[in-house]
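One letter stands for each residue in the lines below.
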Amino acid sequence: MYNAIPIHFPNAIIISELEDQILDDFKDCGLDPENTLWATSFCSDEVNNVFHQFNDIFAGPGPFILGGISGLPFAGITGMKAFLSHVPTHGAAIIMYGPHIGVSRDGQLGQVNRHHQFGLSTCCGSLVGALSNIEHKEELPTSNPLDYQQARVIQHLYHKRKEIFSDSYPLKKATDVAYDAIHLKLTRILEAIENELTDLKIYLMGGVVINTDWDIENYFEIRNMDFRVYP
Ligand SMILES: [Zn+2]
């Protein structure tokens, strides 16, 4: 059962282990979780609400939602500034971010069995949908203003389509591409406002969420951890 996770994501840990690691890091960084506001840049998909267990350890109410579909930080500079202005006085912020990918019990990438459903459904539906939109296409598909978040997701994957579709596991590659885009955008958003930040500490935890069938604990593969102090 679930042999596919260590094959595809050898460094993945269960969410409760991630929680332990973050609490250990907080001790090392001299951070108090109860004086820390949290934000996420994960896909809107409700399977990612497994992270809401972190409400028990961080200052509430949380999280501030920076992400839209796929996990790209669609809240942008305005959303980041709003979030950081809500941080407890002399406190800290934690931002957890990344794309997600389902792995079903029988090892299918991009599929999970959700609670109260028979059978499997796509996960991340945004990335799966974007791939089907750009496969065999010579031009970037026209975007619909009623679906502007997905249009941005498609743009990101379109520019990397050669490496995505030449991979043995295109969805896994697309997830890596999405991770890089989310990480880069968050980094650039923070750089854009860093001159305005003071009396603030920010802990960043980036990685890939690996969603499992509903009755199994979800996993997270850490890609980047960063700690920034703005005196
Ligand atoms: Zn998704």
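Below you will find a few notes about this structure.

Rules and cut-offs
- Residues numbered from 1 in each chain as written.
- Predicted model: local features only at pLDDT ≥ 70, side-chain atom pairs only at ≥ 80, totals over all residues.
- Heavy atoms only, no water.
- Pairing = 2+ DSSP bridges.
- Helix = DSSP H or I, 4+ residues; strand = E, 2+ residues; numbered from the N terminus.
- Axes fitted to C-alpha atoms, helices over the stretch in contact; angles between N-to-C directions.
- Parallel < 35°, antiparallel > 145°, perpendicular 65-115°, else oblique.
- Left-handed = near helix turned anticlockwise from the far one by under 90°.
- Contact = heavy atoms within 4.5 Å.
- Buried < 20%, exposed > 50% of the residue type's maximum accessible area, 1.4 Å probe, protein only.

Moving on, we get to the pairing of strand E9 (residues 219–230). Direction of pairing for strand E1 (residues 13–14) relative to E9: antiparallel, over a ladder of 2 bridges. Bridge pairing in E9 places Ile14 opposite Tyr219. By the bridge criterion, 11 bridges tie strand E8 (residues 200–211) to E9 in an arrangement that is antiparallel. What sits directly across from Leu204, in E9, is Asp226.

Here helix H5 (residues 148–158) crosses helix H7 (residues 170–193) at 110°, and the two axes come no closer than 10 Å. Taken together, the axes of H5 and H7 lie roughly perpendicular to each other. Here H5 and H7 pass one another in a crossing that is right-handed. Residues Arg152, His156 and Leu157 of H5 pack against Ala174, Val177, Ala181 and Lys185 of H7.

As a further point, take unusual backbone geometry. Residue Gly60 is joined to Pro61 through a cis peptide bond whose omega torsion reads -5°. In this fold, Pro61 is placed in strand E3 (residues 59–65). The omega torsion across Gly62 and Pro63 is -5°, close enough to zero to call that bond cis. Positive phi outside glycine occurs at Ser70, with the angle close to 85°. Along the chain, the position of Ser70 falls in the loop between E3 and helix H3 (76–84). With relative accessibility at 1%, the residue Ser70 sits in the buried group. Positioned with a positive phi, His116 is a non-glycine residue whose angle comes to about 70°.

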